[in-house]
Amino acid sequence: MSVAKSLIAALAAASVFHSVATAGDPPNKAARITAVTVVKRSSGGTVLEQLVVLQQPVHVRVVQCEDELQRAEQALQTACNDRDSAKAAAELALSRVETAACLLKTMCRTVEINCHTFTEDEVAEAVQILITRYRETADSLAAAEIRVTECSDHLSQVQDKVARWQRKEKALLEQVAGLRDAHDTAAARSDRTTAATALVNELSSMLAQKPAAVQITTTADVTVTPEPAHVPDPTDGPALKRDQLLEEVDSILDAGN
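How each quantity is defined
- Residues numbered from 1 in each chain as written.
- Predicted model: local features only at pLDDT ≥ 70, side-chain atom pairs only at ≥ 80, totals over all residues.
- Heavy atoms only, no water.
- Helix = DSSP H or I, 4+ residues; strand = E, 2+ residues; numbered from the N terminus.
- Polar contact = N/O pair within 3.5 Å; in protein donor to acceptor, adjacent residues only side chain to side chain.
- Core = buried A, V, L, I, M, F, W, Y, C linked by side-chain atoms within 4.5 Å.
- Buried < 20%, exposed > 50% of the residue type's maximum accessible area, 1.4 Å probe, protein only.
- Contact = heavy atoms within 4.5 Å.
- Patch = residues over 30% accessible without salt bridge, like charges linked within 9 Å, V, L, I, M, F, W, Y side chains within 5 Å.
- Areas by Shrake-Rupley, 256 points an atom, 1.4 Å probe, with all protein chains shown as cover.
- Salt bridge = Lys/Arg side-chain N within 4 Å of Asp/Glu carboxyl O.
- Lys, Arg positive; Asp, Glu negative; His and termini not counted.
- Charge placed at Lys NZ, Arg CZ, Asp CG, Glu CD.
- Pairing = 2+ DSSP bridges.

### Some points on the environment of Glu68
Thought 1: Along the chain, Glu68 turns up in helix H2 (residues 43-106).
Thought 2: For the pair Glu68 and Leu155, spaced 87 residues apart in the sequence, the C-alpha separation amounts to 9.0 Å.
Thought 3: In terms of polar contacts, Glu68 uses its side chain to reach the side chain of Lys161, at 2.9 Å.

Shown next, in the form of structure tokens:
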């Protein structure tokens, strides 16, 4: 046991001596210094990648909006054509009412037209039919005007949407080009990166919203139920019916003016 203790003490003393001697001697070997380098990914690169990824969906949305704009322009043109046709039909129907009313006002008991003789009651009945047809065309014209207004409003909305998406696509391409060619100061790169990050967030929010399908309901043709014909009292004469029809025609003409 004493021999073992003596050996341990000797080794310990030798170790202390070697440490002291080594500390005093100049180093004969280069010390190995291990340095850990932490590579931090640039935030600008991350934003650039996000912008590049957004280029395709943004362009797709621009194309979709441009297609929608073309359809809106065609719908407005169709509505205008329908409005013009309805207006022409209403004007023609009104002129027929005026002609028939003038005939009814100036005729005697009978009138001969194209070798056919018509009584005052028959002419009055024809005037009533023409009035009903005119009102139908007037209702169709009013519906066509509403359709034109709806299509015009829709076109304005689509034009605004197309312009908005085109501006965003242009800004996106400019940001991508700017980040790729950034050789300016660190402060300028930071500002560009901040703007690019805001653009990424804005575009992501816009793309998350599904395109609103604006549906314009086509106005159905208005069916006008003819007013029940006036059943004359046995004491009423043709003059009374004629006066009533002429007053109705006058009211139509006054409304048109």
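### A closer look at the nonpolar core
Thought 1: Grouped together as the largest cluster of nonpolar side chains are 27 residues, with contacts concentrated most on Leu51, Leu54, Val58, Trp165 and Leu172.
Thought 2: Only H2, helix H3 (120-180) and helix H4 (186-208) provide two or more residues apiece to this core.
Thought 3: Ranked by residue count, the leading element in this core is H2, at twelve residues.
Thought 4: When near neighbours in sequence (up to four residues on either side) are disregarded, Val58 contacts Trp165, Glu169, Leu172, Leu203 and Leu207.
Thought 5: Counting residues in each nonpolar core, the second largest holds 18 residues, with Ala93, Ala101, Val111 and Tyr134 among its members.

### Some points on the environment of Asp121
Thought 1: Summarising the element assignment, Asp121 is placed in helix H3.
Thought 2: On the basis of relative accessibility, which here comes to 41%, the residue Asp121 falls in the partly exposed class.
Thought 3: Residues Asp121 and Lys241, spaced 120 residues apart in sequence, show a C-alpha to C-alpha distance of 8.2 Å.

### Thoughts on a negative patch on the surface
Thought 1: On the surface, Asp243, Glu247, Asp250 and Asp254 cluster together into a negatively charged patch.
Thought 2: Mapped onto the elements of the fold, Glu247 is located in helix H5 (residues 238-256).

### Things to note about the pattern of salt bridges
Thought 1: For the structure on display, the rule yields six salt bridges.
Thought 2: In this structure, Lys161 engages Glu68 in a salt bridge whose closest nitrogen and oxygen atoms are separated by 2.9 Å. Of this pair, Lys161 sits in helix H3 while Glu68 sits in helix H2, placing them 93 residues apart in sequence.
Thought 3: Since its relative accessible area comes to 15%, Lys161 is described here as buried.
Thought 4: Residue class for Glu68 comes out buried when judged on its relative accessible area of 11%.
Thought 5: Note that Glu202 is salt-bridged to Lys168, the shortest N-O span being 2.6 Å.

### Brief notes about the pairing of strand E2 (residues 116-119)
Thought 1: Here four bridges tie strand E1 (residues 110-113) to E2, and the two strands are oriented antiparallel to one another. Among the inter-strand pairings, Thr110 is bridged to a residue of E2, identified as Thr119.
Thought 2: In sequence, E1 turns back onto E2 through a hairpin of two residues, with Asn114 there showing a positive phi of about 50°.

### A word on the side chain of Gln175
Thought 1: Of note, Gln175 is situated in helix H3.
Thought 2: Judged by its relative accessible area of 16%, Gln175 is buried.
Thought 3: Not counting residues within four places of it along the chain, the set of residues in contact with Gln175 comprises Leu51, Arg192, Ala195, Ala196 and Leu199.

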